[in-house]
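This is what each chain is made of:
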Amino acid sequence: MTLNPFERRPGTTLFLVITIGLIVLVYLAEKLCTPLDSNPGLKRYIRLREHRPYFRNSIFVDDEYLLDADTLIQKSYSLRIDGQGFIMPSAIHERPDLTLVFLGGSTTECLFVDEESRFPYLVGRILEKKWCWKVNSYNGGVSASNSLHSLDNLINKVLPLQPDIVLLMHNVNDLNTLLYEGGYWNESFSRSPLVVEKDRSFFHLYQAVLDYFVPNLHERLRTIYDVDKVIAPEEFGRGPRKKPVVDRSRLPAMFENNLLAFVNCARTWGIRPVLMTMPTRLTPKPEGVIERARQKIERDLDIEYGTYLKLFEVFNETIRRVGRESGLQVIDLARLVPADKRFLYDAMHFNKAGSMFVAEIIAVELFGP
């Protein structure tokens, strides 16, 4: 008598039957334990905007980016991230005499500056040389981050470091977010403070598997297919255009609330907060790369350039006023840094010379000449 396949492999058959039976039982148990009004595909969590810990890469300035940057050297720039998500070099001393933390967006990040010339790191080296201190200086800048993201970072990753001073520089990302989204709590692709995964699909599983088994290869692939790039994707202009809400009292008030929350949180934990205004090359009569920036502002944000300039200055003035009224130090980089291409390679980002210039200013402002 001829045996069928199941009879020829009784062990394998028994294993498959038991496995399938267990899967069915687990599935039925899950259904029985799931409330009728639940959404099993819904997942929410706070977005901690930081670079991936232990990330290593070289970021190259391409020809397209160079069109908007007239004093930027086209080459590869090293980006190394420590285990806490800060740009390296960071914790160079085991027992420092002074610990500084810088938080902000891409103007603090200084991605296209040689790593030892980025001003958050360089301030520490200047203070070491001048005062013979051991200084750890952390760079927590991340492209496209606003003051609410920095407040999250302060609470979740800066407070445990117990730094002596935390320095905050925000303006343009807050202004753009509030204009385009109407508020800090929004559904932006990569800037929303709260992530909502409405469908935990196969794509999410695929992403998780790659992140676990081949994280470095996956990071390189991301820069190719434009998911969670190292340089934050341009969101403004994607999808249906939103008419910005230009409220010259409400927008600065929301920004001020974040600044006050940041300052009070730092002080509560015994940390000295320092605010910094943001310098810019945006002028009433722009030329060259600044004219291209003007066109981009009016196209992507659907706002008149002159109005945007006034709001930018209002936000800087809000920083100054919060400093005065709260009795804390404000380093007024907007007034101390010339609106010159020698220091800024585009509308707001420091080149190497600008980063080194700013580092000297900050060191003197913090502890004197």
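Higher on the page you've got the structure.
Attention here is on the structure that accompanies the text. (Residues numbered from 1 in each chain as written. Predicted model: local features only at pLDDT ≥ 70, side-chain atom pairs only at ≥ 80, totals over all residues. Heavy atoms only, no water.)

1. Observations concerning the pattern of salt bridges
- Inspection of the entire model under this criterion finds 19 salt bridges.
- Aspartate 300 serves as the salt-bridge partner of arginine 299, at 3.0 Å between the closest nitrogen and oxygen.
- Here arginine 335 makes a salt bridge to aspartate 332, at a shortest N to O gap of 3.5 Å.
- With relative accessibility at 59%, the residue arginine 335 sits in the exposed group.
- Residue classification places aspartate 332 among the buried residues on the basis of a relative accessible area of 13%. (Salt bridge = Lys/Arg side-chain N within 4 Å of Asp/Glu carboxyl O. Buried < 20%, exposed > 50% of the residue type's maximum accessible area, 1.4 Å probe, protein only.)

2. Considering the pairing of strand β3 (residues 76-80)
- A one-sided burial pattern is seen for β3, the buried positions being Tyr77 and Leu79 and the unburied ones Ser76, Ser78 and Arg80.
- By the bridge criterion, 5 bridges tie strand β2 (residues 56-60) to β3 in an arrangement that is antiparallel. If you follow isoleucine 59 over to β3, its bridge partner there is tyrosine 77. (Helix = DSSP H or I, 4+ residues; strand = E, 2+ residues; numbered from the N terminus. Pairing = 2+ DSSP bridges.)

3. As for the sheet that holds strand β4 (residues 98-104)
- One open sheet holds the 5 strands; their spatial order is β5-β4-β6-β8-β9, and the pairing between them is parallel. At either end of the open sheet lies a strand with only one pairing partner, and these are β5 (135-139) and β9 (330-331).
- Strand direction decides the pairing type here: strand β8 (residues 272-276) and β9, joined by 2 bridges, are parallel. Bridge pairing in β9 links methionine 276 to isoleucine 331.
- Across the face of the sheet, helix α6 (residues 147-158) comes into contact with β4 and β6 (165-169) while running at roughly 145° to β4. (Contact = heavy atoms within 4.5 Å. Axes fitted to C-alpha atoms, helices over the stretch in contact; angles between N-to-C directions.)

4. Observations regarding empty space enclosed by the protein
- The final tally for this structure, using the stated rule, is 1 cavity of 30 Å³ or more.
- The volume enclosed by the largest cavity comes to roughly 40 Å³.
- Gly105, Ser106, Thr107, Met169, His170, Val172, Asn173 and Met278 are the residues that line the largest cavity.
- Every element with two or more residues in the lining of the largest cavity is listed here: α4 (106-109) and α7 (172-181).
- For the lining of the largest cavity, the residue count by class is 3 nonpolar, 5 polar and no charged. (1 Å grid on protein atoms, 1.4 Å probe; cavity = no way out; pocket = protein on both sides within 12 Å on 5 of 7 lines; lining within 4 Å. Points joined across faces, edges and corners; volume = space filled by probe spheres on them. Nonpolar A, V, L, I, M, F, W, Y, C, P; charged D, E, K, R; others polar.)

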